[in-house]
Amino acid sequence: MTNSTIDRYAVLGNPIAHSKSPLIHQSFAEQCAETISYEAICAQNFAEEAGKFFAQGGKGMNVTVPFKLDALEFADELSPRAYRAGASNTLILQEDGRICAENTDGVGMVRDIEQNLSWPLAGKRVLLLGAGGAVRGVIQPLLALSPAALHIANRTASKAQLLADEFADIGKITTSGFSDIEPGQFDIIINGSAASLQGDSLPLANRVAEGCYCYDMMYAAEPTMFMSWAKNNGARAEADGLGMLVEQAAESFYLWRGKRPDTALILAQLRQQLLSS
């Protein structure tokens, strides 16, 4: 088989050198006996780079910061998930030559929480922290699991309410500022704010996490600021978003190749790499 016949995939972002996507997708390909190439592309102009990639025979693309909105504009059509998320992290070349924008972040997160961590979401009271793109991308998949309650808290409560209004047609969402949250209100807390990235603490009352499962959509070699707060405030368990990274990649791979890889091996490998770095 010559290189010209190997299906090409890529992840496009800026910066991109840190991306684990090439390692993850090559691992998936080996496991599923699929022959692909997967590269990381650092872009200045998204439309230019993406257009060139697909014009040269690219079959699919992952998209990371800061281009998830650009991917929506670039695509010929949007999946329901991408439309609801207002962002795309996956582009798919379809048989008719059109590019479809997908979003696998939300389904990746709920799969990590429910399957890898065995924390059920159905019938639970769920608190989402933050009101940015990360939170927006997981609302529809969370509502699809029929939680007993979904509440969004944000520093600026009005931004949380805007999200609730936008998704009101598919489920009830309550909102508030961080300071209005009291202990005992929730079963699962999901941090989608930028606090962990910035090393900031969240202005939440002590013991809000008591008895809760606490999930940070970010990940790092050390426990994130949110995870440390959760542990110090009586959380039942806490976890970071490394599994979300792997599961959203697995969903992308499935959409491209029609095969769903087993994520356990690569997740363990990435965790070991993080711990030894």
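Structure's up top.
The rules we used
Throughout, a residue's number is its position along its own chain's written sequence, starting from 1. Local features are withheld for residues below a pLDDT of 70 in this predicted model, meaning they are given only at 70 or higher, and side-chain atom pairs are given and counted only at 80 or more; totals for whole chains, interfaces and linings count all residues. Here the side-chain values reflect all heavy atoms present in the structure, with hydrogen atoms and water set aside. Following DSSP output, two strands are said to pair if at least two bridges run between them. Each helix is a run of DSSP H or I of at least 4 residues and each strand a run of E of at least 2, with the numbering of both proceeding from the N terminus. We call two residues contacting when some pair of their heavy atoms lies within 4.5 Å. What counts as an axis is a line fitted to C-alpha atoms, over the stretch in contact for a helix, and the angles between N-to-C directions run from 0 to 180 degrees. Put simply, buried Ala, Val, Leu, Ile, Met, Phe, Trp, Tyr and Cys residues joined by side-chain atoms within 4.5 Å make one nonpolar core. Only protein chains enter the accessibility calculation, which uses a 1.4 Å probe; a residue is then buried when its area is under 20% of its type maximum, exposed when over 50%, and partly exposed in between. Any pair of nitrogen or oxygen atoms within 3.5 Å is treated as a polar contact; in protein, a donor-acceptor pairing is required on top of that, and neighbouring residues in sequence qualify only through side-chain atoms on both sides. The cut-offs work like this: below 35 degrees is roughly parallel, past 145 is roughly antiparallel, 65 to 115 is roughly perpendicular, and the gaps in between are oblique. Crossing handedness: left-handed means the near helix sits turned counterclockwise from the far one by under a right angle, and right-handed means the same turn made clockwise. The residue classification treats Ala, Val, Leu, Ile, Met, Phe, Trp, Tyr, Cys and Pro as nonpolar and Asp, Glu, Lys and Arg as charged. All others, Gly included, are polar.

Asker: Provide a residue-level description of the sheet that holds strand E5 (residues 90–93), including the pertinent values.
Answerer: Taken together, the six strands give an open sheet; going across it, the order is E2-E1-E3-E5-E6-E4, and neighbouring strands pair in mixed fashion. If you trace the sheet from one side to the other, it starts and ends with strand E2 (36–42) and strand E4 (77–78), each paired once. Note: E5 against strand E6 (residues 99–102), four bridges, orientation antiparallel. Paired with Thr-90 across the strands is Glu-102, a residue of E6. Helix H10 (residues 242–257) contacts strand E1 (7–13), E2, strand E3 (58–63), E5 and E6 of the sheet and is inclined by roughly 10 degrees relative to E5.

Asker: Describe the nonpolar core, naming the residues involved and giving the relevant values.
Answerer: One finds Met-109, Leu-128, Ile-139, Leu-142, Ile-190 and Tyr-215 to be the most contacted residues of the largest nonpolar core, which totals 26 residues. Those elements that place two or more of their residues in this core are helix H5 (105–116), strand E7 (125–129), helix H6 (133–144), strand E8 (149–154), helix H7 (157–166) and strand E10 (188–191). In contact with Leu-128, other than residues within four places in its own chain, are Val-135, Val-138, Ile-139, Leu-142, Leu-150, His-151, Ile-152, Ala-153 and Ile-190. Tyr-9, Val-11, Leu-242 and Leu-267 belong to the second largest nonpolar core, which has 21 residues in total.

Asker: If you had to explain the environment of Ala-148 to someone new, which residues and values would you point to?
Answerer: Considering the arrangement of structural elements, one finds Ala-148 in the loop between H6 and E8. On the basis of relative accessible area, Ala-148 is assigned to the exposed category, the value being 55%.

Asker: Provide a residue-level description of the side chain of Ser-88, including the pertinent values.
Answerer: For Ser-88, the position within the fold is in the loop between helix H4 (80–85) and E5. Residue classification places Ser-88 among the buried positions, given a relative accessible area of 0%. A distance of 3.1 Å separates a polar side-chain atom of Ser-88 from the backbone oxygen of Thr-90. A polar contact is formed between the side chain of Ser-88 and the backbone oxygen of Glu-102, at a distance of 2.8 Å. For Ser-88, the residues in contact, after removing those within four places along its chain, are Val-63, Lys-68, Ala-71, Leu-72, Ala-101, Glu-102 and Asn-103.

Asker: Describe the sheet that holds strand E11 (residues 213–216), with residues and values.
Answerer: Strands pair in a sheet through their backbones, by hydrogen bonds, and they do so in one of two ways: parallel or antiparallel. Strand order across the open sheet formed by six strands is E9-E8-E7-E10-E11-E12, with parallel pairing between neighbours. The open sheet has two free edges, formed respectively by strand E9 (174–177) and strand E12 (237–239), since each of these has just one partner strand. Along the sheet, successive strands turn relative to each other by an average axial angle of 20 degrees, direction set aside. In terms of strand pairing, E7 meets E10 through four bridges, oriented parallel. Looking at E10, one finds that Leu-128 is bridged to Ile-190. Each of E7, E10, E11 and E12 touches helix H9 (residues 225–232); the most contacted strand, E11, lies at about 170 degrees to it.

Asker: I'd like to hear about the environment of Asn-232, residue by residue, with values.
Answerer: As for its position among the elements, Asn-232 is in helix H9. Note on Asn-232: relative accessible area 59%, which makes it exposed. Distance from Asn-232 to Asn-206, taken between C-alpha atoms, is 9.0 Å for residues 26 residues apart in sequence.

Asker: Please set out unusual backbone geometry residue by residue, giving values where relevant.
Answerer: With an omega of 5 degrees, the peptide bond running from Asn-14 to Pro-15 counts as cis. Mapped onto the secondary structure, Pro-15 falls in the loop between E1 and helix H1 (21–31). Cis geometry marks the peptide bond from Val-65 to Pro-66; its omega dihedral reads 5 degrees. The phi dihedral of Ser-118 is positive, around 60 degrees, even though this residue is not glycine. Of note, Ser-118 is situated in the loop between H5 and E7.

Asker: Explain the packing of H5 against H10 residue by residue, including any values.
Answerer: Where H5 meets H10, the closest approach of the two axes is 7 Å, and the angle between their N-to-C directions is 120 degrees. Judged by the angle between their axes, H5 and H10 are oblique. Judged by the twist between their axes, the crossing of H5 over H10 is right-handed. In this structure, H5 contributes Asp-105, Val-107, Gly-108, Met-109, Arg-111, Asp-112 and Asn-116 to the contact, and H10 contributes Gly-243, Met-244, Glu-247, Gln-248 and Glu-251. In terms of residue class, the contact of H5 with H10 is made up of three nonpolar, four polar and five charged.

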